[in-house]
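# Per-entry structural report
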Number of protein chains: 2
Amino acid sequence: MAKKPLIQVALDSLDFGQTLRLASLAAPYVDIIEIGTPCLKCNGLPLVKAMRALFPDKLLFVDLKTMDAGKYEVTPFYDAGADFVSVLGVADLATIKGAIEAAKEHGKEVQIDLINVPNKSERAKEVVELGAQIVGVHTGIDQQLAGQTPFADLQEIVGLGLGVKVSVAGGIKPETVESVVKAGADIMVVGGAITGADDPAAAAKKIRDLVEQAAAS
Amino acid sequence: MAKKPLIQVALDSLDFGQTLRLASLAAPYVDIIEIGTPCLKCNGLPLVKAMRALFPDKLLFVDLKTMDAGKYEVTPFYDAGADFVSVLGVADLATIKGAIEAAKEHGKEVQIDLINVPNKSERAKEVVELGAQIVGVHTGIDQQLAGQTPFADLQEIVGLGLGVKVSVAGGIKPETVESVVKAGADIMVVGGAITGADDPAAAAKKIRDLVEQAAAS
């Protein structure tokens, strides 16, 4: 049996109400609700607080993609109820260190997003050494449009055996769920395949079913 | 006579009202109001709209530090009244290209922030080639705490003669105004030296006076 990853729905509408609605539709089938970066930048802390209040039993991830002022920037989001936030792997190590410090002070976690990091294995080892609890393998939206996928990087990072959670994001859809589960991801991020579906609840349920099947086989 | 740079006040309080108050105090003495990244992430578009309404005659910069989904992320900020926003120089070139496209469609500008870019000159040339109108030399807060300054990078980037505006940020204070003016910056960003002063209006006036003196000498 393969390890069963947590399912994270990434919400990237820019609209406050539509984001809550999509979260409600997906929530029964996912473990983690993600407020995506463009959505967060438009809506700020009020959306984080609303999401926390609406879904007290879900894990809440805020995709801050912090690049500077690590501790200062992430702290209000832990205070508002985020369980984990992201810091960019291309940031200065002092920024990453500050965010990890804030996470630990709150008894929470930080994810280092390896998007556009040139040497991903080396940076993953460095941030785990500093105390990061989650490493994120991530092919950006603009990179997906150019045909890139996160699967080779996922195998590389899982293969390091770092003893932390590995998250994977970048265009995951029903057809790729099985390979992600087999590759040993701890967190599988699904965005457009749920939020862009005609029936987001049915799409989320389908992802859930496929994860259960792949983990049981 | 040296070129007179525009003065940009960087607002990095996390509080909506306090940010507006600091902007009001500094506004008579500055050309550009900047909503800083942590401030923007906490307060979102409503703060951008409030700032636009309060200061119709100032240039408004939103420090998005966009890392992905360039066009999608920056568009609502131009729509809300930003005159320019930032995209990270460490982002994929497709992300930078998307943001530039959005800027041009709105008749506005985009600043590429060179924070943590390994080869700053090379990346600066690439983004100017793509159509970026402003290049930002930037020593981050966490890097300033480690004793770094932006002045050597500023000289390097101005020295390239790229024919675009060069912005400089990173702990600029009264003592360093003259050297920034002499180095030929087009935009000088001042944060804590104004917003952290006992009398922010007096501090902004002092920066304005020093810029006028340095440019006239």
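Summary of the structure given here. What you see as residue numbers is a count from 1 along each chain, following the sequence as written. Ligands are numbered from 1 and chains lettered from A, in the order in which they are written. With the structure being a predicted model, the display of local features is reserved for residues of pLDDT at least 70 and the display and counting of side-chain atom pairs for 80 or more, all residues being used for whole-chain, interface and lining totals. Note that the side-chain values use all heavy atoms of the structure and ignore hydrogens as well as water.

With that settled, the discussion passes to the interface of chain B and chain A. At the junction of the two partners, chain B supplies 36 residues and chain A supplies 36 residues. Carbon and sulfur atoms make up 60% of the surface buried where chain B meets chain A, a total of about 2,700 Å² over both sides. Definition used for salt bridges: Asp or Glu carboxyl oxygen within 4 Å of a side-chain nitrogen of Lys or Arg. At the junction of chain B and chain A, the tally comes to two salt bridges. For Lys41(A), the salt bridge goes to Glu73(B), with nearest N and O atoms at 2.5 Å. Side-chain atoms alone can form a polar contact between residues adjacent in sequence; in general such a contact is a pair of N or O atoms within 3.5 Å, and within protein one must be able to donate a hydrogen while the other accepts it. The interface formed by chain B and chain A holds 22 residue pairs in polar contact (both at pLDDT 80 or more) in total. Helix and strand assignments follow DSSP, with helices taken as H or I runs no shorter than four residues and strands as E runs no shorter than two, numbered in order from the N terminus. For the side of chain B that touches chain A, the elements supplying multiple residues, two or more each, are helix 2 (37-54), strand 3 (59-66), helix 3 (70-79), helix 4 (93-105) and helix 6 (141-145) of chain B. Element by element, the count of residues in the side of chain B that touches chain A is highest for helix 2 of chain B, at nine residues. Three categories are distinguished: nonpolar for Ala, Val, Leu, Ile, Met, Phe, Trp, Tyr, Cys and Pro, charged for Asp, Glu, Lys and Arg, and polar for the others, with Gly belonging to the last. Looking at side-chain class alone, the side of chain B that touches chain A contains 18 nonpolar, eleven polar and seven charged residues. Whether two residues are in contact is decided by their heavy atoms: any pair within 4.5 Å suffices. Throughout, the accessible surface (probe 1.4 Å) given up by two parts as they are put together, summed over both, is called the buried area.

Position of Asp142(B) among the secondary structure elements: in helix 6. Using a 1.4 Å probe on the protein chains alone, a residue whose accessible area is under 20% of its type maximum counts as buried, one over 50% counts as exposed, and one in between counts as partly exposed. None of His or the chain ends enter the tally, which takes Lys and Arg as positive and Asp and Glu as negative. No salt bridge is formed by the buried Asp142(B); the nearest opposite charge belongs to Lys65(B), separated by 9.7 Å. In terms of polar contacts, Asp142(B) uses its side chain to reach the backbone amide nitrogen of Ala69(A), at 3.0 Å.

Buried residues of nine kinds, namely Ala, Val, Leu, Ile, Met, Phe, Trp, Tyr and Cys, make up a nonpolar core once their side-chain atoms join them within 4.5 Å. In terms of nonpolar packing, the biggest core is built from 135 residues, with Met51(A), Val110(A), Met51(B) and Val110(B) touching the most fellow members. With near-sequence residues (within four places) excluded, Val110(B) lies in contact with Tyr78(B), Phe84(B), Val85(B), Val87(B), Ala99(B), Ile100(B), Ala103(B), Ala132(B), Gln133(B) and Ile134(B).

Right, let's get into the relation of the copies chain B and chain A. After a rotation of 180 degrees and a shift along the axis of 0.0 Å, chain B superposes on chain A with an RMSD of 0.0 Å. Both chain copies can therefore be described as sitting about a two-fold axis. Comparing contact sets, 100% of the residues at the interface of chain B also lie at the interface in chain A, consistent with an isologous, same-surface contact. Copy-to-copy superposition: least squares on the C-alpha atoms, limited to residues that have pLDDT of at least 70 in both copies.

All names here are of chain A. Two aromatic rings, drawn from Phe, Tyr or Trp (for Trp, its six-membered ring), form a pair once their centres lie within 6.5 Å of each other, and the interplanar angle then sorts them: stacked below 30 degrees, edge-to-face above 60, tilted otherwise. A complete count under the given rule lists two aromatic pairs over all chains for this structure. Taking 4.6 Å as the distance between ring centres and 25 degrees as the angle between the ring planes, the aromatic pair formed by phenylalanine 61 and phenylalanine 84 counts as stacked. Here phenylalanine 61 is found in strand 3 (residues 59-66), whereas its partner phenylalanine 84 is found in strand 4 (residues 84-88), with 23 residues between them in sequence. Residue classification places phenylalanine 61 among the buried residues on the basis of a relative accessible area of 2%. A relative accessible area of 3% means that phenylalanine 84 is categorised as buried.

Another point: the environment of Ala201(A). All names here are of chain A. Inspection of the secondary structure assignment puts alanine 201 in helix 10 (residues 200-216). Considering only alpha carbons, one finds alanine 201 and leucine 22, 179 residues apart in sequence, at a separation of 8.4 Å. When residues no more than four places from it in sequence are discounted, the contact partners of alanine 201 are Leu25 and Tyr29.

Turning our attention to helix 4 of chain B. Expected span, for any helix, means 1.5 Å times one less than how many residues it has. Between its first and last C-alpha, helix 4 of chain B extends 18 Å over 13 residues, near the 18 Å set by a 1.5 Å rise per residue. What helix 4 of chain B keeps buried is the set Thr95(B), Ile96(B), Gly98(B), Ala99(B), Ile100(B), Ala102(B) and Ala103(B). Packed against the buried residues of helix 4 of chain B are helix 6 (141-145) of chain A together with strand 3, helix 3, strand 4 (84-88), strand 5 (109-113) and helix 5 (120-130) of chain B. For helix 4 of chain B, the N-terminal capping position is held by Asp92(B), with its side-chain oxygen 3.0 Å away from the main-chain nitrogen of Ala94(B). Where helix 4 of chain B ends, the next residue or the one after it, Gly107(B), has phi of about 65 degrees, a positive value.

So, about the pattern of salt bridges. Scanning the model with the defined rule gives 24 salt bridges over all chains in all. Residue Lys4(A) is joined to Glu212(A) by a salt bridge in which the shortest nitrogen-to-oxygen separation is 3.0 Å. You can see Lys4(A) sitting in the segment before strand 1 (6-11) and its partner Glu212(A) sitting in helix 10, a full 208 residues away along the chain. The partly exposed category is assigned to Lys4(A), whose relative accessible area is 44%. Residue Glu212(A) is classed as partly exposed on the basis of its relative accessible area of 31%. We note a salt bridge from Arg52(B) to Asp83(B), for which the minimum N-O separation is 3.0 Å. Taken together, the residues Arg52(B) in helix 2 and Asp83(B) in the loop between helix 3 and strand 4 connect sequence positions 31 residues apart.

Attention now moves to helix 10 of chain A. If you check helix 10 of chain A, its first and last C-alpha atoms are 24 Å apart, about what 17 residues at 1.5 Å a residue would give, namely 24 Å. As for helix 10 of chain A, its buried residues are in contact with strand 1, helix 1 (16-26), helix 8 (174-183), strand 8 (187-190) and helix 9 (192-195) of chain A.

Note on sheets: strands pair through backbone hydrogen bonds, and any given pair is parallel or antiparallel. All names here are of chain A. Strands sit in the order 1-2-3-4-5-6-7-8 around a closed barrel of eight strands; the barrel is parallel. Averaged over all neighbouring strand pairs, the angle between strand axes comes to 25 degrees, with direction disregarded. Strands qualify as paired when DSSP identifies two bridges or more between them. Judged from the three bridges that link them, strand 5 (residues 109-113) and strand 6 (residues 134-138) form a sheet pairing that is parallel. The residue bridging aspartate 113 from the neighbouring strand is glycine 136, located in strand 6. Contacts from helix 2 (residues 37-54) reach strand 1, strand 2 (32-35) and strand 3 within the one sheet, and its direction differs from that of strand 3 by about 150 degrees. Contacting strand 3, strand 4 and strand 5, helix 4 (residues 93-105) runs over the sheet at an angle of about 155 degrees to strand 5. Whenever a helix is involved, its axis is fitted only over the stretch in contact; in every case the axis is a line through C-alpha atoms, and angles between N-to-C directions fall within 0 to 180 degrees.

Moving on, we get to the sheet that holds strand 6 (residues 134-138) of chain B. Residue and element names in this part refer to chain B. What the eight strands build is a closed barrel, ordered 1-2-3-4-5-6-7-8; its pairing is parallel. For this sheet, the mean inter-axis angle between neighbouring strands, taken without regard to orientation, is 25 degrees. The pairing of strand 2 (residues 32-35) with strand 3 spans four bridges and is parallel. Within the sheet, the bridge partner assigned to isoleucine 33 lies in strand 3 and is leucine 60.

Residue and element names in this part refer to chain B. Two elements in contact, helix 4 and helix 5, have axes whose closest approach is 10 Å; the angle formed by their N-to-C orientations is 40 degrees. By the angle between their directions, the pair helix 4 and helix 5 is classed as oblique. Considering how the two elements wind past one another, helix 4 and helix 5 form a crossing that is right-handed. Touching Leu93, Ile96, Lys97, Ile100 and Lys104 of helix 4 are Arg123, Glu126, Val127 and Leu130, all from helix 5. Every angle not falling under 35 degrees, over 145, or within 65 to 115 is termed oblique; those three ranges are roughly parallel, roughly antiparallel and roughly perpendicular. Crossing handedness follows the turn of the near helix against the far one: under a right angle anticlockwise gives a left-handed crossing, and clockwise gives a right-handed one.

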